[in-house]
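# Reading the structure
If you want the building blocks of each chain, they are given just below.
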Amino acid sequence: MLYLTDEKLNHLLTYETLVPALRDMHKVPPEVLEDMLLEQPAVAGGVDRILNRAAWQQGKALGVKLATIFPNNGKDGSDLPSIQALYVLFDGTNGSPQAVMDGTVLTWRKTAADSALGASFLARDDVEHMVMVGAGSMAPELIKAHLSVRPSLRRVSIFNRSAGRADDLVARLSTEVSGVSFSRVDDLEAAVGEADLVCCATMSQTPVVSGAWLRPGTHLDLIGAYTAEMREADDEALRRGRLFVDSRDTTIKHIGELMIPLRTGVIAESDVLADLVDLCRGEAPGRQTAEEITIFKNGGGGHLDLMTARHAITRASEEGVA
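Residues numbered from 1 in each chain as written. Predicted model: local features only at pLDDT ≥ 70, side-chain atom pairs only at ≥ 80, totals over all residues. Heavy atoms only, no water.

### Structural notes on the overall build of the protein
To keep it simple, the criterion reads: Numbering goes from the N terminus for both helices and strands, where a helix is a DSSP run of H or I of at least four residues and a strand is a run of E of at least two. Each residue is placed in one exposure class: buried if its accessible area under a 1.4 Å probe, protein chains only, is under 20% of its type's maximum, exposed if it is over 50%, and partly exposed if it falls in between. Here a residue-residue contact requires only that any non-hydrogen atoms of the pair lie within 4.5 Å. For the area figures, the Shrake-Rupley method with a 1.4 Å probe applies, and any residue is considered shielded solely by the protein chains shown.
Helix and strand counts for the protein stand at 11 helices and 14 strands. Taking the principal axes of the C-alpha coordinates as reference, the protein spans close to 55 × 45 × 40 Å. Counting the 322 residues in the protein, one finds 55% classified as buried. The contacts of the protein with a sequence gap of at least 6 include a subset with a gap of at least 24, amounting to 71%. For the protein, the computed accessible surface area is about 13,700 Å², with 51% contributed by carbon and sulfur atoms.

Next up, the structure:
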């Protein structure tokens, strides 16, 4: 049985190979998905959670991710990420364990690749300016993933409520990524108004991006909201944009980004035009004009963890990683 550490997964799960792999695997989606979310009040305030996320693709593979979500991590000066996890992959024909792997890196890579796959259908081919809202552990992954599918990007503006974290990320990415200009921005409205691609990865309970700020042709990528109470975009954004999701099964009735405007009548379920299965199978069009605003809700899901874990062991076999 393989044990894939964070270091090994960082090597194996490149966006240049993972995004195309997800595109192919979305054509045959898993048949069974199941989540269990437990939560407790955090000692430092807010809520801590543990998520058990399972997916089963009959005859191919099944797997379970155990993930803890402790939003206060890092606020005390520690370097612990807010999300930490383990993943266990089993053979789909006989149930034997195949691999145990670091679930934190797996989560980062699958989440970012999910958004990049959405952008490959929905963002304009000539995007140049990206605004990254949030400077947490997901931010550098999302930026690199979007760069892998839109190499036309030349400028990335980073907004974070804590300016120091944004400055740290600017410094880090400026040394890691060539050919792209990174900067911190403090006026989010002005930055979004100039952007071609806006990516949000926050844990906000209330919208941080207003639809009134979006100019024609913008692609809005929403990652952070994952509970029924959370949102990152306001009603006006959903009214103005053509709306897509990674999976109808894990978003429409589970995440506040859609549940709240559905409940208030701002949108209808029919306004969700397609998910990644539809797009990857060619059963629905993505972006159709250069002027339209597109919105992609990245809801995650056990099927994405399973696809990413399967790709990891395929890459490990190809490279002889033990």
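More follows now that the structure is in view.
### Some details on the side chain of Arg-53
Which entries qualify depends on this criterion: In protein, a polar contact requires one atom able to donate a hydrogen and another able to accept it; more generally it is a pair of N or O atoms within 3.5 Å, and residues adjacent in sequence count only if both atoms are side-chain atoms.
With respect to the secondary-structure elements, Arg-53 resides in strand β3 (residues 47-57). Of the polar contacts made by the side chain of Arg-53, one reaches the side chain of Asp-35; its length is 2.8 Å. Not counting chain neighbours up to four residues away, the residues in contact with Arg-53 comprise Glu-34, Asp-35, Gly-63, Val-64, Lys-65, Lys-110, Gly-299, Gly-300, Gly-301, Gly-302 and Asp-305.

### Quick look at the nonpolar core
This is how the line gets drawn: Throughout this description, the term nonpolar core refers to a set of buried Ala, Val, Leu, Ile, Met, Phe, Trp, Tyr and Cys residues connected via side-chain atoms within 4.5 Å.
In this structure, Met-101, Met-132, Ile-143 and Ile-158 are the most contacted members of the largest nonpolar core, which totals 65 residues. In terms of residue count, helix α3 (residues 103-122) provides more of this core than any other element does, nine residues in total. Setting aside chain neighbours within four positions, we find Ile-143 in contact with Met-130, Met-132, Val-156, Ile-158, Leu-173 and Phe-182. Counting residues in hydrophobic clusters, the runner-up holds 27 residues, among them Val-198, Val-245, Val-266 and Ile-267.

### Regarding the packing of α3 against helix α4 (residues 138-149)
Defined as follows: Every axis corresponds to a line fitted to the C-alpha atoms, with the helix fit spanning only the stretch in contact, and the corresponding angles, defined between N-to-C directions, vary from 0 to 180 degrees. Should the near helix be turned anticlockwise from the far one by less than a right angle, the crossing is termed left-handed; should it be turned clockwise, right-handed. Gly falls in the polar group here, along with every residue not listed as nonpolar (Ala, Val, Leu, Ile, Met, Phe, Trp, Tyr, Cys, Pro) or charged (Asp, Glu, Lys, Arg).
Contact geometry of α3 with α4 gives a least axis separation of 8 Å together with a crossing angle of 35°. Here α3 and α4 pass one another in a crossing that is right-handed. Residues Trp-108, Arg-109, Thr-111, Ala-112, Ala-113, Ser-115, Ala-116, Ala-119 and Ser-120 of α3 form the contact with α4, whose own contacting residues are Met-138, Glu-141, Leu-142, Ala-145, His-146 and Val-149. A per-class count over the contact of α3 with α4 returns nine nonpolar, four polar and two charged.

### A few points about the sheet that holds β3
Just so we agree on the cut-off: Two strands are counted as paired when DSSP detects at least two bridges linking them.
If you walk across this open sheet you meet the six strands as β1-β6-β5-β4-β3-β2, and the pairing is mixed. Strand pairing shows two members of the sheet lacking a second neighbour, β1 (2-4) and β2 (32-41), which therefore form its edges. Across the sheet, the mean angle separating the axes of adjacent strands is 10° when strand polarity is ignored. Sheet topology places strand β5 (residues 83-91) next to strand β6 (residues 97-102); five bridges connect them, and they run antiparallel. Counted as the bridge partner of Val-88 is Val-100 from β6.

### Points about the pairing of strand β14 (residues 294-297)
Neither face of β14 is open: one carries Thr-294 and Phe-296, the other Ile-295 and Lys-297, and all of them are buried. Here four bridges tie strand β11 (residues 219-222) to β14, and the two strands are oriented parallel to one another. Residue pairing across strands places Leu-220 opposite Ile-295, the latter belonging to β14. In the sheet, strand β12 (residues 242-245) pairs with β14 via four bridges, with the strands oriented parallel. Of the residues in β14, the one forming a bridge with Val-245 is Lys-297.

### Some words on the pattern of salt bridges
Just so we agree on the cut-off: Salt bridges are defined as contacts in which a side-chain nitrogen from Lys or Arg sits within 4 Å of a carboxyl oxygen from Asp or Glu.
Under the definition given, this model contains 21 salt bridges. A salt bridge links Lys-65 to Asp-305; its shortest N-O distance comes to 3.1 Å. Here the residue Lys-65 occupies a position in strand β4 (residues 61-69), and Asp-305 occupies one in helix α11 (residues 302-319), the gap between them amounting to 240 residues. For Lys-65, a relative accessible area of 3% corresponds to the buried category. Given the relative accessible area of 0%, Asp-305 is considered buried. The salt bridge involving Arg-248 is made with Asp-278; its shortest N-O contact spans 2.6 Å.

### Section: a nonpolar patch on the surface
Quick reminder of the rule: Surface patches are drawn from residues lacking salt bridges whose relative accessible area is over 30%; two like charges belong together within 9 Å, two nonpolar side chains (Val, Leu, Ile, Met, Phe, Trp, Tyr) within 5 Å.
On the surface, a nonpolar cluster with roughly 240 Å² of combined accessible area is contributed by Met-36, Leu-38 and Ile-50. By the secondary structure assignment, Ile-50 is in strand β3.

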